[in-house]
Amino acid sequence: MTIPTSSVEQSIPGQGAMAPTGSSAPVRARRRRLRILSNKKAMLGLIVLGIYILFAIIGPWVAPYDPDAQSDDLVGPPSAAHWFGTTHLGQDILSQVLVGTRGVIVVGLSAGIIATVLSVVVGLTAGYLGGWWDDGLSALSNVFLVIPALILIIIVSSTVNNASSGLIALIIGCTSWPWGARVLRAQTLSLRRRDFIEAARASGEKTWRVILFEILPNVTAIIASSFVGTVIFAVTSEITLAFIGIGGVSNWNWGEILFWAQSQQALFQGAWWWFVPAGLAIAFLGTALSLINFGIDEFVSPRLRSAGKTKLTTARGHTVRMRVGFTPVLDNSAAPHTHATPTPAVNLDGATPVHRKEATS
Amino acid sequence: MNEPVLEIRNLNVDYGLGDQAVHAVRDVNLTLHRGEVLGLAGESGSGKSTFAYGLTRLLAPPGVVTGGQVVYHPERGEAYDVLALSDRALRRFRWAETAIVFQGAMNSLNPVHKISTQLTDVLRAHEPKMSAHSRNARAREMLRLVGIAADRLEAYPHQLSGGMRQRVMIAMALILQPQVVIMDEPTTALDVVMQRQILGELIELRERLGFSVIFITHDLSVLVEFSNKIAIMYGGRIVEEAPASALYHDSLHPYSAGLLSSFPALRGPRRELAGIPGSPPDLKGMPSGCSFHPRCPKVFDPCAGNIPVLGRPDTPDGSTRTVACWLHPIKEPVG
């Protein structure tokens, strides 16, 4: 039973119930699988994220210099030799940014995955099973909710010598799931009494199946947005940690670049190239993740999609504004339409000022 | 009775634009006269609701009115085309001149506001000069008109039954005394007893207040009883329009005959319920010619090739009715 997905499909105009049946079936199946990619926002976000992941993999190899290597070119502006300029020790900033990408992406994505899995498991279980499970899991998430992640990481990394990025990801992941769990629990509570869930239960589906196949597809948008939110949070936490000087010194985190830029007063020196690349890298990563989030939202709920597209152009060049409550009128004459003209043409006067007297019958 | 209040001329409504467009309503001509109940019947997907939403410009995207005129004749003053109104004028026109009761309207009430708040809200928006006291008095009077005790004014929607909520919606539609009330299957969710009661009251109210009704339903038996004139829609077109009794006793279009033979008569000899074989046409791939011809029991040569024109048939009562069928040669087309 895949009621949720099929109902979403049917509410898409022209795709669901009205689509012609029969010979075009394989074509439709392929289109459906790739439809997320036809969303421009999601596509752009995925391309940008793909570039980040690519540099996370190949970054250390394509970096033109060793990020630690010092040179004579101190605080040099962008040049052919150093595209992003150099630091106060003559280190190449481009290399630092490239090498730092891996740590940021790994920590961000793995913390996001850990937190999302935990929040889905806890939220759906608590919401669907209710009773003792709900009480226990809600209490657990409330406890985790008040644990300040950043301070915990500071404490842990000061006790563990040279905390690895894996440990930081684990701590961020384990402390940032409760918000998502709460939202998912609330959504599950409202879903579990819906008729299609009751029907699934009544027809003897196993509890895990009801949760995974009936409820989970309905909360995809929430899971996606909480994943993206957690990834952004994890990235900023990690960068913050590096910026305040905690975390591994050896791996060149973007936060560390900013830390050095700050401590060497780059802004005061006018060395904008020191902090702008790292800042833009953070900003573009956040933008890409948000775009993916928007894309998933629109994919899951088609109403959002048409809400964004308000202006359309017709074949004859009219620009039409689509608004709820004010259906656009393309042609305001009473002449019969070409596509539907019955065989003998009917003579009509389509003059606009109409007087009551000339009414028919 | 002979004065028109709403003239719909060649209304065309599409879903979507360009090649992808689905033509849901095609060249519909209808005239609603003052004080008349015009019934609009047809199967699901025949374009009834799209027609109602299209003529009031309430159709949600991707719905588009691609052509036609909806000429409204106010009680005083010049007639005007609703489709040409500006947004402001359209907002003023709505509710005050034409009200609409939606399908499943009883779920349209806001559950967190009292009935009184929701009723007087309309008056506050459209008649700002009215005092709070007279607003309340009007709401009270409207509730009484639809058969609800005035003390229910302070109730919340969940404290009312489905039938009462539906009556509240009708009261709300009538509160500004519009000239035209469009009812889109307003009683579909109710049981037949409640349905009959509400419709009876509606007809009585119409006689008292003098508004006209466009009544949309797939239940032709209701229309036969309550409406003056019935229009039958199929595949986005009007296929037959006739006074209710003429349609019931002597329907010309085979589709109308099929609809009529789908429900039993209470009195009279027993007859076989035939129904209509097949299913409504796919609006994306309409059959050529008369869209009903693949299902029609009386199909013959011209049906598949050409679309029949809606016009006055060559029968004794031909001046009061129209039909679009090759079986019935027409004297003059309407449109």
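Residues numbered from 1 in each chain as written. Chains lettered and ligands numbered in written order. Predicted model: local features only at pLDDT ≥ 70, side-chain atom pairs only at ≥ 80, totals over all residues.

S.K.: It is not clear to me how the overall build of chain A should be interpreted in this structure. Could you clarify?
M.R.: When helices and strands are counted, chain A shows 16 helices and two strands. Out of the 361 residues belonging to chain A, those deemed buried represent 35%. Counting contacts in chain A only where the partners sit at least 6 residues apart, residues at least 24 apart contribute 67% of the total. (Helix = DSSP H or I, 4+ residues; strand = E, 2+ residues; numbered from the N terminus. Buried ≥ 20, exposed ≤ 12 C-beta atoms within 10 Å, placed from the backbone. Contact = placed C-beta atoms within 7 Å.)

S.K.: Explain the overall build of chain B to me, please; I cannot follow it from the model alone.
M.R.: Of the regular secondary structure elements, chain B holds nine helices and 13 strands. Within the span of chain B, comprising 335 residues, buried residues form 48% of the whole. If you take every contact in chain B between residues at least 6 apart in sequence, the share linking residues at least 24 apart comes to 62%.

S.K.: In this structure, what is going on with the sheet that holds strand E2 (residues 22-33) of chain B? I would like to understand it.
M.R.: Whether parallel or antiparallel, the strands of a sheet pair through hydrogen bonds between backbone atoms. Residues and elements named next belong to chain B. Taken in spatial order, the four strands of this open sheet run E2-E1-E4-E5, and their pairing is antiparallel. Pairing within the sheet leaves two strands with one partner each, and these edge strands are E2 and strand E5 (80-81). For strand E1 (residues 4-15) and strand E4 (residues 63-72), the ladder comprises eight bridges, and the chain directions are antiparallel. Counterpart to Tyr15 in the pairing with E4 is Gly63. Packing of helix H1 (residues 48-55) onto the sheet brings it into contact with E1, E2 and E4, and relative to E1 it is tilted by some 110°. (Pairing = 2+ DSSP bridges. Axes fitted to C-alpha atoms, helices over the stretch in contact; angles between N-to-C directions.)

S.K.: What am I meant to see in the environment of Lys40 of chain A here?
M.R.: Along the chain, the position of Lys40 of chain A falls in helix H4 (residues 40-62). Considered as a pair, Lys40 of chain A and Gly295 of chain A are 255 residues apart in the sequence and their alpha carbons are 7.7 Å apart.

S.K.: Explanation requested: helix H11 (residues 207-215) of chain A in the structure shown.
M.R.: Working note: α-helix, 3.6 residues per turn, so residues spaced by three or four point in the same direction. All names here are of chain A. When we look at burial in H11, the residues that qualify are Ile211, Glu214 and Ile215. All buried residues of H11 project into a common sector of 110° when viewed along the axis, lining one side. In H11, those exposed residues whose orientation departs by more than 90 degrees from the buried face are Trp208 and Arg209. (Arc of directions from axis to C-beta.)

S.K.: Help me out: how do you make sense of the packing of helix H3 (residues 115-126) of chain B against helix H5 (residues 162-174) of chain B in this one?
M.R.: Residue and element names in this part refer to chain B. Orientation of H3 relative to H5, taken along the N-to-C sense of each, is 20°, at an axis distance of 9 Å. Accordingly, the angle class assigned to the pair H3 and H5 is roughly parallel. As for how H3 packs across H5, the hand of that crossing is right-handed. Where H3 abuts H5, its residues Ile115, Gln118, Leu119 and Val122 lie against Val168, Ala171 and Met172. Classifying every residue of the contact of H3 with H5 gives six nonpolar, one polar and no charged. (Parallel < 35°, antiparallel > 145°, perpendicular 65-115°, else oblique. Left-handed = near helix turned anticlockwise from the far one by under 90°. Nonpolar A, V, L, I, M, F, W, Y, C, P; charged D, E, K, R; others polar.)

S.K.: I tried to follow the environment of Gly100 of chain A on my own but got confused; where do I start?
M.R.: Its place among the elements puts Gly100 of chain A in helix H5 (residues 93-129). Spatially, the C-alpha atom of Gly100 of chain A lies 9.4 Å from that of Pro67 of chain A, the residues being 33 residues apart in sequence.

S.K.: How do you make sense of the environment of Ala149 of chain A when you look at a structure like this?
M.R.: Residues and elements named next belong to chain A. For Ala149, the position within the fold is in helix H7 (residues 149-159). Accessibility expressed as a C-beta count within 10 Å gives 18 for Ala149, which makes it partly exposed. Along the chain, Ala149 and Ile171 lie 22 residues apart, while their C-alpha atoms are 7.4 Å from each other. Not counting residues within four places of it along the chain, the set of residues in contact with Ala149 comprises Ile171, Ile172, Thr175, Ser176 and Ser237.

S.K.: Would you mind showing me how to read the nonpolar core here?
M.R.: One finds Ala171, Val181, Ile214 and Ile232 of chain B to be the most contacted residues of the largest nonpolar core, which totals 91 residues. The element that contributes the greatest number of residues to this core is H5 of chain B, accounting for eight residues. Residues within four places of Ile232 of chain B in sequence aside, it is in contact with Ala41, Gly42, Ile238, Val239, Glu240, His253, Tyr255, Ser256 and Leu259 of chain B. Formed by 72 residues, the second largest nonpolar core is a distinct cluster that contains Leu98, Val99, Val120 and Leu124 of chain A. (Core = buried A, V, L, I, M, F, W, Y, C linked by C-beta atoms within 7 Å.)

S.K.: Quick question: what am I supposed to make of helix H9 (residues 178-192) of chain A here?
M.R.: Residues and elements named next belong to chain A. The end-to-end C-alpha distance of H9 is 20 Å, a good match for the 21 Å that 15 residues give at a rise of 1.5 Å each. Within the sequence span of H9, burial applies to Pro178, Gly180, Ala181, Leu184, Arg185 and Thr188. Buried residues in H9, looked at end-on, bunch into an arc of 140°, giving them a common side. (Expected span 1.5 Å × (residues − 1).)

S.K.: I keep staring at the pairing of strand E9 (residues 229-234) of chain B and nothing clicks. Help me out?
M.R.: Along any regular strand, the residues point their side chains to alternate faces of the sheet. Residues and elements named next belong to chain B. With six of six residues buried, E9 is to be regarded as a mostly interior element. Residue alternation in E9 divides its side chains into two sets, Lys229, Ala231 and Met233 and Ile230, Ile232 and Tyr234, and both sets are buried. Where strand E3 (residues 37-41) lies against E9, four bridges are found, and the strand directions are parallel. When the sheet's bridge partners are listed, Gly39 is paired in E9 with Ile230. Of the pairings in the sheet, the one linking E9 to strand E10 (residues 237-243) comprises six bridges and is antiparallel in character. Following the sheet pairing, Lys229 is matched in E10 by Pro243. Hairpin geometry of E9 and E10 is characterised by an intervening segment of two residues between the two adjacent antiparallel strands and by a positive phi of about 55° at Gly235.

S.K.: Is there a simple way to think about the confidence of the model for chain B in this case?
M.R.: Low-confidence regions, as indicated by low pLDDT, have predicted coordinates that should not be scrutinised in detail. All names here are of chain B. On average, residues of chain B score 86 in pLDDT, and 99% of them reach the 70 mark or higher. Mean pLDDT per element in chain B: strand E13 (residues 330-333) is the minimum at 78, and E9 is the maximum at 92. The ipTM, which scores confidence in the relative placement of chains, is 0.74 for this predicted complex, and the corresponding pTM is 0.67. (pLDDT = per-residue confidence, 0-100.)

S.K.: Hey, could you run me through the confidence of the model for chain A in this one?
M.R.: All names here are of chain A. For chain A, per-residue confidence averages 74 on the pLDDT scale, and residues scoring 70 or more make up 74% of the total. In the model, residues 1-27 has pLDDT below 50 throughout and makes 28 contacts with residues more than four positions away in sequence or in other chains. Note on residues 338-361: pLDDT under 50 across the span, and 36 contacts to partners over four residues away in sequence or across chains.

S.K.: Explain the pairing of E1 of chain B here, please?
M.R.: All names here are of chain B. Within E1, twelve of the twelve residues are buried, which leaves it mostly tucked inside the rest of the structure. One ladder, built from eight bridges, connects E1 with E2; its direction is antiparallel. Residue Tyr15 lies in a different strand from E2, and its bridge partner there is Val22. Counted along the chain from E1 to the antiparallel partner E2, the turn is six residues long, and its residue Gly16 has a positive phi close to 90°.

S.K.: I would appreciate a short explanation of unusual backbone geometry in the present structure.
M.R.: Trans is the common state for peptide bonds, and a negative phi is the common state for residues other than glycine. Residues and elements named next belong to chain B. Phi at Gln177 takes a positive value of approximately 50°, unusual for a residue other than glycine. In this structure, Gln177 sits in the loop between H5 and strand E7 (180-184). One non-glycine residue, Glu185, adopts positive backbone phi at about 45°. Here Glu185 is to be found in the loop between E7 and helix H6 (192-209).

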